[in-house]
Amino acid sequence: MKTLIIYTHPNHQSLSYAFLQKVIQGSTENPQIEEIKVLDLYEEGFNPVLVFNEQKRRRDMHADPDLETYREQILWADQLVFVYPIWWGRPPAMLMGYIDQLFASEFAYREKGGLLPEGLLRGKSVVCISTMKGPTHYPLFWLNNAHKALMKKALFQYVGMRKVKFFEFGNMESPRGGQVEKLEKVRRYFQAVRA
């Protein structure tokens, strides 16, 4: 299994970065995971801004040469792992800009004329690891599970990725947030995960 980790946080002293390290540690301990690549969107200097004009048309985004390396990474991976904080009930704008540009028509999905498109990224699995200041159940009860619905239904299932796992950790700025236990839970998951 080949794993691509998309890390989205501007600070390498953050808890999100600690979760990234646990994903890497658990993955290297797993004999089923043969290769790991990390894409740090902030360190990479990824430009999240969509540009549509005479030279860059939306219908051609699937073939944009500036995004070729990122498309190759997605195609290469059997498993995509997203590590990010939840800000204002959703992933950071940097990650959403990556999604807007990479999960394009004719690369991630193809319209068939029916209600739903043909997902072109079938067979890949996804893990989302997110942290937030608020209580763990805040997105479920206050925001009608908007974060998970956005990521799982509106994005991953739309492009054909059916196996989606969430680690959504709340109270992460509290001294009683159980950070050590949650970091270990993530490490153990990746140590044992199978394709």
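1. What about the overall build of the protein chain?
Moving on, step 1. Broken down by element type, the protein chain carries seven helices and seven strands.
Moving on, step 2. Order of helices (α) and strands (β) in the protein chain, N terminus to C terminus: β-α-β-α-α-β-α-β-β-β-α-α-β-α.
Moving on, step 3. Here the C-alpha atoms of the protein chain give a radius of gyration of 17 Å, agreeing with the 16 Å that 2.2 N^0.38 yields for 195 residues.
Moving on, step 4. With the C-alpha coordinates of the protein chain rotated into their principal frame, the extents come out at 50 × 40 × 35 Å.
Moving on, step 5. Counting all 195 residues of the protein chain, 46% fall into the buried class.
Moving on, step 6. Carbon and sulfur atoms make up 51% of the accessible area of the protein chain, which totals about 10,500 Å².
Moving on, step 7. Each charge class in the protein chain can be summarised by its mean position, and for the 26 positive and 21 negative side chains these summaries are 9 Å apart.

2. Examining helix α3 (residues 68-76)
Moving on, step 1. Residues of α3 that are buried: Y70, R71, Q73, I74 and W76.
Moving on, step 2. The elements touched by buried residues of α3 are β1 (2-7), β2 (35-40), α2 (41-44), β3 (79-85) and α4 (93-102).

3. Brief notes about the pattern of salt bridges
Pairs may arise between side chains of opposite charge once their charged atoms sit close together.
Moving on, step 1. One pass over the full model with this rule turns up nine salt bridges.
Moving on, step 2. When the shortest N-O distance is used, the salt bridge between R122 and E118 registers 3.8 Å.
Moving on, step 3. One salt-bridge network, held together by shared partners, links E106, R110, E118 and R122.

4. A short note on helix α6 (residues 146-156)
Moving on, step 1. All buried positions along α6 are accounted for by H147, M151, L155 and F156. Buried residues along α6 cover an arc of 75° about the axis, so they all sit on one side.
Moving on, step 2. Summarising the contacts, the buried residues of α6 are in contact with β3, α4, β6 (125-131) and β7 (163-169).

5. With respect to the packing of helix α1 (residues 15-28) against helix α7 (residues 179-192)
Moving on, step 1. Running from N to C, α1 and α7 point in directions that differ by 30°, and their axes come no closer than 7 Å. As summarised for this structure, α1 and α7 are arranged roughly parallel, according to the angle between their axes. The hand of the α1/α7 crossing is right-handed. Residues L15, A18, F19, K22, V23, Q25, G26 and S27 of α1 touch α7, and the partners they reach there are Q179, K182, L183, V186, R187, F190 and Q191.
Moving on, step 2. Of the residues contributing to the contact of α1 with α7, the split by class is seven nonpolar, five polar and three charged.

Rules used throughout
- Residues numbered from 1 in each chain as written.
- Predicted model: local features only at pLDDT ≥ 70, side-chain atom pairs only at ≥ 80, totals over all residues.
- Heavy atoms only, no water.
- Helix = DSSP H or I, 4+ residues; strand = E, 2+ residues; numbered from the N terminus.
- Rg over C-alpha atoms; globule rule 2.2 N^0.38 Å.
- Buried < 20%, exposed > 50% of the residue type's maximum accessible area, 1.4 Å probe, protein only.
- Areas by Shrake-Rupley, 256 points an atom, 1.4 Å probe, with all protein chains shown as cover.
- Lys, Arg positive; Asp, Glu negative; His and termini not counted.
- Charge placed at Lys NZ, Arg CZ, Asp CG, Glu CD.
- Contact = heavy atoms within 4.5 Å.
- Salt bridge = Lys/Arg side-chain N within 4 Å of Asp/Glu carboxyl O.
- Arc of directions from axis to C-beta.
- Axes fitted to C-alpha atoms, helices over the stretch in contact; angles between N-to-C directions.
- Parallel < 35°, antiparallel > 145°, perpendicular 65-115°, else oblique.
- Left-handed = near helix turned anticlockwise from the far one by under 90°.
- Nonpolar A, V, L, I, M, F, W, Y, C, P; charged D, E, K, R; others polar.

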